[in-house]
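Summary of the model geometry
Each chain, letter by letter, is given below.
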Number of protein chains: 2
Amino acid sequence: MNQFRESAGRSAAKALSWRLLGTVTTSTIVFMFTGKWSLSLTVGGLELVSKTGLFWFHERLWDRLTYGRRLPQPSVIWFTGLSGSGKSTLSAAVTSEIAKKGLRVEHLDGDGVRALFPDTGFTKSERDSHIRRVGFLASKLERHGVFVVASFLSPYREARDSVRSMCQHFIEVHLSTPLEVCERRDVKGLYAKARRGELPAFTGVSDAYEIPARPELVIDTDVISIAKAVEKVLMEAGVK
Amino acid sequence: MNQFRESAGRSAAKALSWRLLGTVTTSTIVFMFTGKWSLSLTVGGLELVSKTGLFWFHERLWDRLTYGRRLPQPSVIWFTGLSGSGKSTLSAAVTSEIAKKGLRVEHLDGDGVRALFPDTGFTKSERDSHIRRVGFLASKLERHGVFVVASFLSPYREARDSVRSMCQHFIEVHLSTPLEVCERRDVKGLYAKARRGELPAFTGVSDAYEIPARPELVIDTDVISIAKAVEKVLMEAGVK
C-alpha cells in the first residue's frame, strides 16, 4: 500500500543534502590520489552538476516503489470500567502520547459518541449494539493503520468479546478502581442521582458490571498514578 | 504525520542502486579529465566503498524527517438510489479502481453492514440513525487518509446531508435509474415481494425516496455503461 507520496521538494532537498556530502568525499579522494587541487575541484564540480539532477530522478523513481515501506502495527486499546474509574483521563493521556510518537491515533470516548447519537439507550440490547458498532468502527480504523483508544463503560462481557473478535490486536484494559472510590469521586454527580433512584439502569448501582475474564491489563487508578498507568498501557501496545 | 516508516533493507537497496549510477558517473568524469583508466577505476572503487555506507546513513536520517511527505486527499463517495439502481456493482468497481492506484480505500455496502447489525430496522428514524452512524465511520476513515466508497439506498435527504456535513470531501452520486428499470431487473426479487405487500416500507413502492437536491453526480445505469460511470466518478474524486 502506497499511502504516502513524497513531494518533488522533498526529493530536491534530499538531493542537495546528499550532494554536499558526496562531492566533498569525491574531491577528497581525487586529491588524495593526485595531489592536485585543480583536478580535484574540476571533478567535484562536474560531479556536482551531473549528479544533483541524477539523484533527483533516482528519488522520484524510488517514490513509486513500495518495497520496504510498511505501516506500523496498530492496536485497539479498550478501556472498560465503572463511571469515575478514570477511563476518560487515562485514555486522553494515552492518545496524546501515541500522537506524540508521530503515529496515527483516534480517540473514541463513550460520552462523545453518545452525544452524537443521543437516541442510543441504556438497555442491555441497546448498550450491546452500541458497543458492537463502535467496535466495527475501531476495527476498520485499525485495519488502515490507525491506533484506536476507546473509553467505554461497556459493562457486558459478551459485547466486549465481540469487539475483540473484530479487531486484529485488541488490548482490553480493565480499570478496576473500586466502586466506593468511584462513588466518592462522582465527577458527574451521577452516583448521587442513581442512589436517589433517578437513573434506572446505572452500572454499579442498579445495573451489573461484568468483570473482564482475561483482560490484557488491570489498572486501579486509586493505587497507581496516571503517568505510571500510561506507561504500562504504552508498553503493552508496543509503542516506545 | 509519520505513518510510513522505511525498512533498513529498503535503504540498502536504494544505496546499491544509486551507487551503480553514481560510480559509473564519477569514473567517467575522472577518465575524461585524465585519460587514465587506472586512476579512474581507483577513484571509482574508493568512492564505491565509502559512499555506499554514507548513503545508507543518509537514507536512515531522512526517514526520520517528515518534510515533504503527505497523505493524498481522500473523499467519501456516497452512492444513493433505489434497490436495483446499480449501487453495489458500481461501488465495487470504483473501490477496486481506487485500490489499483495504490490508495487506501474502504467499501461500505448497505447489505454488508446490515448483515453485521441485523437488528437495524427500516422505520425512518432507524434508517436515519443507521445512515448517520455509517457517516460517522466514513468521516473518521476519511480523516485518516482513507477513501470511502459507500453504497446505501439512503432514501432521506436530511440523513444524507448530515453525512455530508461530517465529511471533508463528500461526493454524492445519485443513481437515477428509473423505478421501472430497477423493478424489471429485480435482482433480489424484492420488488415482487413488495408488490405482494410482503415488505411494509419498501422504498419506491411503499416508502418514499427523496431525490438529492444538489448531488455532485447523477448517473442513470440504464443509459451509460459501468465503465463510463466508473470513469466519471473517479474524475470527480480526483483519482487519476
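**Some details on the overall build of chain A**
Check the secondary structure of chain A and you find 9 helices and 7 strands. Computed over C-alpha atoms, the radius of gyration of chain A comes to 27 Å, more than 25% over the 18 Å expected from 2.2 N^0.38 for 240 residues, which places it beyond the range of a compact globule. Along the three orthogonal principal directions, the C-alpha set of chain A runs to about 95 × 35 × 30 Å. In chain A, which comprises 240 residues, the proportion classed as buried is 38%. Look at the contacts in chain A between residues 6 or more apart in sequence, and 75% of them connect residues 24 or more apart.

**A look at helix H9 (residues 226-237) of chain A**
Counting along an α-helix, one turn takes 3.6 residues, and residues three or four places apart therefore face a common direction. All names here are of chain A. Helix length check: H9, at 12 residues, gives a terminal C-alpha distance of 16 Å against a target of 16 Å (1.5 Å per residue), a fit within 8%. If you check which residues of H9 are buried, you get Ala229, Val230, Val233 and Ala237. Buried residues of H9, seen end-on, are gathered within an arc of 100 degrees and therefore sit on one face of the element. Exposed side of H9, more than 90 degrees from the buried face: Ala227, Lys228 and Met235 are the residues found there. If you follow the buried residues of H9, they end up packed against strand E3 (76-81), helix H3 (87-100), strand E6 (170-175) and strand E7 (217-219). Just past H9, the residue glycine 238 takes up positive phi, approximately 75 degrees.

**Here's the deal with the interface of chain B and chain A**
Interface size is commonly expressed as the accessible surface area that is lost when the partners come together. The interface is formed by 50 residues belonging to chain B together with 50 residues belonging to chain A. Going through the elements one at a time, strand E1 (5-6), helix H1 (8-34), helix H2 (37-64), strand E2 (69-70) and helix H5 (124-143) of chain B are the ones with two or more residues in the side of chain B that touches chain A. Per-element tally for the side of chain B that touches chain A: the top contributor is H1 of chain B, with 12 residues. A class-by-class count of the residues in the side of chain B that touches chain A yields 22 nonpolar, 15 polar and 13 charged.

**Focus on the relation of the copies chain B and chain A**
If you rotate chain B by 180 degrees and push it 0.1 Å along the axis, it lands on chain A with an RMSD of 0.2 Å. Interpreted geometrically, this transformation is the action of a two-fold axis. Mapped onto chain A, 100% of the interface residues of chain B are again interface residues, and the two copies thus contact each other with one and the same surface.

**Quick look at helix H6 (residues 157-166) of chain B**
All names here are of chain B. Buried within H6 we find Ala159, Arg160 and Val163. Taken down its axis, H6 places every buried residue within 100 degrees of arc, on the same side. Looking at H6, the residues exposed on the side facing more than 90 degrees away from the buried face are Glu158 and Ser165. Buried residues belonging to H6 abut strand E3 (76-81), H5 and strand E6 (170-175).

**Things to note about the sheet that holds E6 of chain A**
Residue and element names in this part refer to chain A. As summarised here, the arrangement of the 5 strands in space is E4-E5-E3-E6-E7, forming an open sheet in which the pairing is parallel. Sheet topology places strand E4 (105-109) and E7 at the edges, where each strand pairs with a single neighbour. Each strand of the sheet is rotated relative to its neighbour by a mean of 15 degrees, with strand direction disregarded. As paired elements, E3 and E6 share 6 bridges and run parallel to each other.

**Some points on the sheet that holds strand E5 (residues 147-151) of chain B**
Residues and elements named next belong to chain B. The strand order across the open sheet formed by 5 strands is E4-E5-E3-E6-E7, and the pairing between neighbours is parallel. Looking at which strands have only one partner, the edges of the open sheet turn out to be strand E4 (105-109) and strand E7 (217-219). Neighbour-to-neighbour, the strand axes of this sheet turn through a mean angle of 15 degrees, independent of strand direction. Two elements, E4 and E5, share 5 bridges in a ladder whose sense is parallel. Bridge pairing links valine 105 to phenylalanine 147 in E5. Across the sheet, helix H3 (residues 87-100) is in contact with E3, E4, E5 and E6; its angle to E4 comes to roughly 170 degrees.

**Some remarks on the pairing of E3 of chain A**
Residues and elements named next belong to chain A. Counting buried residues along E3, 6 of its 6 residues qualify, which places the element largely inside the surrounding structure. The alternating pattern of E3 places Val76, Trp78 and Thr80 and Ile77, Phe79 and Gly81 on opposite faces, both of which are buried. Relative to strand E5 (residues 147-151), E3 runs parallel, the two sharing 4 bridges. If you follow tryptophan 78 over to E5, its bridge partner there is alanine 150.

**Notes on the environment of threonine 26 of chain B**
Residue and element names in this part refer to chain B. Locating threonine 26 in the fold gives a position in helix H1. Judged by the 28 C-beta atoms lying within 10 Å of it, threonine 26 is buried. In the structure, threonine 26 is positioned 19 residues away from glycine 45 in sequence and 10.0 Å away in space, judged by C-alpha atoms.

**Regarding the environment of isoleucine 171 of chain B**
All names here are of chain B. Residue position: isoleucine 171 is located in strand E6. Judged by C-beta crowding, with 19 C-beta atoms within 10 Å, isoleucine 171 ranks as partly exposed. The spatial distance from the C-alpha of isoleucine 171 to the C-alpha of proline 215 is 7.4 Å, given a sequence separation of 44 residues. Those residues within four positions of isoleucine 171 in sequence are excluded, and the remaining contacts are Ser75, Val76, Ile77, Trp78, Glu216, Leu217, Glu236 and Ala237.

**A closer look at the environment of histidine 58 of chain B**
Position of histidine 58 of chain B relative to the elements: it lies in helix H2. Its 20 C-beta neighbours within 10 Å are what place histidine 58 of chain B among the buried residues. For the pair formed by histidine 58 of chain B and alanine 15 of chain B, sequence separation is 43 residues and the distance between their alpha carbons is 9.4 Å. Once residues within four sequence positions are removed from consideration, histidine 58 of chain B is found in contact with Trp18 and Leu21 of chain A.

**Considerations on unusual backbone geometry**
Residue and element names in this part refer to chain B. If you check the backbone angles, serine 154 has positive phi at about 35 degrees while not being a glycine. Take serine 154: it is sitting in the loop between E5 and H6. Phi angles above zero are rare outside glycine, and aspartate 186 is one such case at about 35 degrees. Positionally, aspartate 186 belongs in the loop between helix H7 (179-185) and helix H8 (190-195). Aspartate 186 gets classed as partly exposed once you count the C-beta atoms within 10 Å, which come to 15.

The rules behind each value
Residues numbered from 1 in each chain as written. Chains lettered and ligands numbered in written order. Predicted model: local features only at pLDDT ≥ 70, side-chain atom pairs only at ≥ 80, totals over all residues. Helix = DSSP H or I, 4+ residues; strand = E, 2+ residues; numbered from the N terminus. Rg over C-alpha atoms; globule rule 2.2 N^0.38 Å. Buried ≥ 20, exposed ≤ 12 C-beta atoms within 10 Å, placed from the backbone. Contact = placed C-beta atoms within 7 Å. Expected span 1.5 Å × (residues − 1). Arc of directions from axis to C-beta. Nonpolar A, V, L, I, M, F, W, Y, C, P; charged D, E, K, R; others polar. Least-squares fit on C-alpha atoms with pLDDT ≥ 70 in both. Pairing = 2+ DSSP bridges. Axes fitted to C-alpha atoms, helices over the stretch in contact; angles between N-to-C directions.

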